[in-house]
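Chains, contacts and geometry: an overview
This is what each chain is made of:
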Amino acid sequence: MIKLVIVFLTLYATAAVAVLEVTVLKKDENAFPIVISPFSVKGDAKQGEVIAHIMRDNFNRSGEFNASSADYIVTSQIDFGKWQAQKIEAVVIGKLEQVSEKVFNVEIELLDIYSRKTLYAKKFAVHDSGIRRITHYLSDQIYFALLGEKGSFDTRLAYVTVVDKGKRKREYRLEISDSDAQNPQTILRAASPILSPAWSPDQNKIAYVSFKNGRSEVFIQYPFMRRKTQKLPYFDGIASAPAWHPSGESIVLTLSKGGNKDIYSYHLKNDKLTRLTHDTGIDTEASYSADGERIAFTSNRSGQVQVYIKHLKTGKINRATFNGSYNAKAVFSPDGKSLALVHRVDRDYRIALLDIETKDLTIMTENKLDESPFFSPNGGMIIFATNKGDSGVLSVVSILGRETFELASKSGEVREPNWSHYSK
Amino acid sequence: MLKIIPLALSAILLSSCSSTVEELYQKVAPRPSVVNVEDRASATEESIIAPDSSRFESEEFTGSHERTYSQNSALKAAVGELKNTGIKFVLNFSYDGSEINEFATQEIIKHANFMRDNPSINLRLEGHADERGTREYNLALGENRALAVKEVLGLYDLSSRVEVVSFGEESPVIQLHDENAWQQNRRVEFIYQ
């Protein structure tokens, strides 16, 4: 899985942009107390602090941990009793040794304070351009060693920023970043709106909706390849709401052939278009379950806006939401058991979690205009767009209902978040 | 699809166009070539301007929205002037609604008559939604609103001259978050070209 020296893909035709401001909203008192000690360093000391710092931020953003540093470098001669007295449950220690200008040897160890055992240890060499990425990978490993489930650190975000240029002109940017909002890159700039970015399962492509030709059309862009952006077929109306099949071989999208908005599947290899819904009302915002066997979509077929699930093998369509007059834009949790969706409460639009089996609906947020929910790849968090003051920001809530962090742009609005799958 | 709802049932489904078709006539009518019945009857003009149904279908099929404009410079000038008038025709809609009530139907019929009197002019209907609800659903809703207007124009055989696009909630006229802004943002704009 992990290579000795990771070589990084470069982005083509992009410019470095401002990093979104990350604000950790609340540290939970009951969150897992962990210490990530400063690393002992031979050579460039800066990189040692970079690793420990990124790791602490990762754990604190997850909402599951209360991560702090130590006043001194903790080594394997650790005083377990002392940390136990401070109610710390795990300590991460590390060593960094510079072996050449650009290459470092890294050693990391996760110690359980109560059992006094090593839960995870790793030794490897890394190129300095790979330190950020490797730290996310290690954070995922430590997260797994402690909680028995995957983290969502070595992943990427995609989102749209909007900057007001005055005189009713706006600039829309499609941006991608690491899961901690670092390393942001603009992959598309436009004077017209950009909607619904969606990472492909292999994390090499992004599908999105652009109005650059005066109407909504779906495009696929290859941010890491020198390859032309591909336009998906459209007819006389709108083409929008793209979502990937888990195989990465096809996309579901909304087309309004003859004015009737239905869900279609478009196969990228043979260009075959398959119609998946046949209602005279609006059918849109489809998304696949992780096994590819179901799609959830929004429809007003009942006269209200509600979420439906189609079982693709049987062709059977069931209404999924019965609570409230407006439920839309549902996405499946990675385990396929629940949907995150936009739910109207009185006059407000909030993010809710629906248990598909029991139909229990839990409202997760308390804002007025929340939209575009999307699960972190481990299913532990939901990222969504909301308004703060008069500007759009991204917010993340844990599925236990704890607000965890917020992503804001200094220069404008952020919206339309999408979280990638795990890196390959 | 088209529902003509009695006014009594649909209290404020639609408000009036912000400009009247009469104003439009005043801007364009002085140009004799535009509304002159003799000009309309001239064979060359007619064949270019009023496409037959087969041409319409092929146009829909290829997705091409290019239209053949008259070479007549006077007409061109009229269309140009129309673009520059700054007159905006807007129909507003109810929350999550795309119904056309009787009053709105009357307004649309005035546009139908205007288009028949000015066969070189085409119409672009832009559907919009307010910011509430999801962006993709609103994109669909905006198209439904524009299609509902087009359906009335279709009763006058004008479908081939009407282009429908939707911007959903992406292009509000008022960037505020209150009832008045939402009401004005739920609209179809008539753009003559």
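Residues numbered from 1 in each chain as written. Chains lettered and ligands numbered in written order. Predicted model: local features only at pLDDT ≥ 70, side-chain atom pairs only at ≥ 80, totals over all residues.

**Focus: the interface of chain B and chain A**
Counting residues at the interface gives 19 residues for chain B, matched by 29 residues for chain A. By residue number, the principal contributor to the side of chain B that touches chain A is helix α8 (residues 135-154) of chain B, which donates 9 residues. (Contact = placed C-beta atoms within 7 Å. Helix = DSSP H or I, 4+ residues; strand = E, 2+ residues; numbered from the N terminus.)

**Details of the domain arrangement of chain A**
Residue and element names in this part refer to chain A. Domain annotation for chain A reports domain 1 (29-147) and domain 2 (156-419). A separation of 35 Å is found between the C-alpha centroids of domain 1 and domain 2. Looking at which element gives the most residues to the side of domain 1 that touches domain 2, the answer is helix α1 (residues 45-61), with 4 residues. Counted by class, the side of domain 1 that touches domain 2 contains 1 nonpolar, 4 polar and 3 charged residues. (Domains from an automatic or database assignment. Nonpolar A, V, L, I, M, F, W, Y, C, P; charged D, E, K, R; others polar.)

**Some points on the packing of α1 of chain A against helix α3 (residues 131-147) of chain A**
How two helices pack is summed up by the angle between their axes together with the distance between the axes. Residues and elements named next belong to chain A. Interhelical geometry of α1 versus α3 gives an angle of 45 degrees and a closest axis separation of 9 Å. Relative to α3, the element α1 lies oblique. As for how α1 packs across α3, the hand of that crossing is right-handed. On α3, the residues that touch Gln47, Val50, Ile51, Ile54, Met55, Asn58 and Phe59 of α1 are Ile131, Arg132, Thr135, His136, Leu138 and Ser139. (Axes fitted to C-alpha atoms, helices over the stretch in contact; angles between N-to-C directions. Parallel < 35°, antiparallel > 145°, perpendicular 65-115°, else oblique. Left-handed = near helix turned anticlockwise from the far one by under 90°.)

**A few points about unusual backbone geometry**
Residue and element names in this part refer to chain A. Phi is positive for arginine 116, which is not a glycine, with a value near 60 degrees. Counting through the fold element by element, arginine 116 comes out in the loop between β7 (103-112) and β8 (117-127). With phi around 50 degrees, serine 196 is a residue other than glycine that occupies positive phi space. Looking at where serine 196 falls in the secondary structure, it is placed in strand β12 (residues 194-199). According to the C-beta neighbour criterion, serine 196 is buried, with 27 such atoms within 10 Å. (Buried ≥ 20, exposed ≤ 12 C-beta atoms within 10 Å, placed from the backbone.)

**Some details on helix α7 (residues 102-117) of chain B**
All names here are of chain B. Taking 1.5 Å of rise per residue, the 16 residues of α7 would be expected to cover 22 Å, and the 23 Å separating its terminal C-alpha atoms lies within 8% of that figure. Here α7 has its buried residues at Ala104, Glu107, Ile108, His111, Ala112, Phe114 and Met115. Considered in projection along α7, the buried side chains sweep an arc of 165 degrees and stay on one side of the axis. (Expected span 1.5 Å × (residues − 1). Arc of directions from axis to C-beta.)

**Remarks on the nonpolar core**
Residues and elements named next belong to chain A. In this structure, Val252, Leu253, Leu339, Ala340, Leu341 and Ile382 are the most contacted members of the largest nonpolar core, which totals 81 residues. The residues touching leucine 253, leaving out its near neighbours within four places in the chain, are Val218, Leu232, Ala239, Ser240, Ala241, Pro242, Tyr264 and Tyr266. Within the second largest apolar cluster, 30 residues are counted, among which are Met55, Leu111, Ile113 and Ile142. (Core = buried A, V, L, I, M, F, W, Y, C linked by C-beta atoms within 7 Å.)

**Section: the sheet that holds strand β27 (residues 361-363) of chain A**
Residue and element names in this part refer to chain A. The antiparallel open sheet is built from 4 strands, whose spatial order is β24-β25-β26-β27. Only two strands of the sheet have a single partner each, and these edge strands are β24 (327-332) and β27. Mean inter-strand twist for the sheet, computed between neighbouring axes without regard to direction, equals 30 degrees. (Pairing = 2+ DSSP bridges.)

**Looking at the sheet that holds strand β30 (residues 391-398) of chain A**
Residue and element names in this part refer to chain A. Strands sit in the order β2-β31-β30-β29-β28 across an open sheet of 5 strands; the sheet is antiparallel. Lying at the two open borders of the sheet, with one neighbouring strand each, are β2 (21-24) and β28 (371-375). Strand-to-strand, the axes of this sheet are offset by a mean angle of 25 degrees, without reference to chain direction. With 3 bridges connecting them, β28 and strand β29 (residues 381-388) associate as antiparallel partners. When the sheet's bridge partners are listed, phenylalanine 375 is paired in β29 with isoleucine 382.

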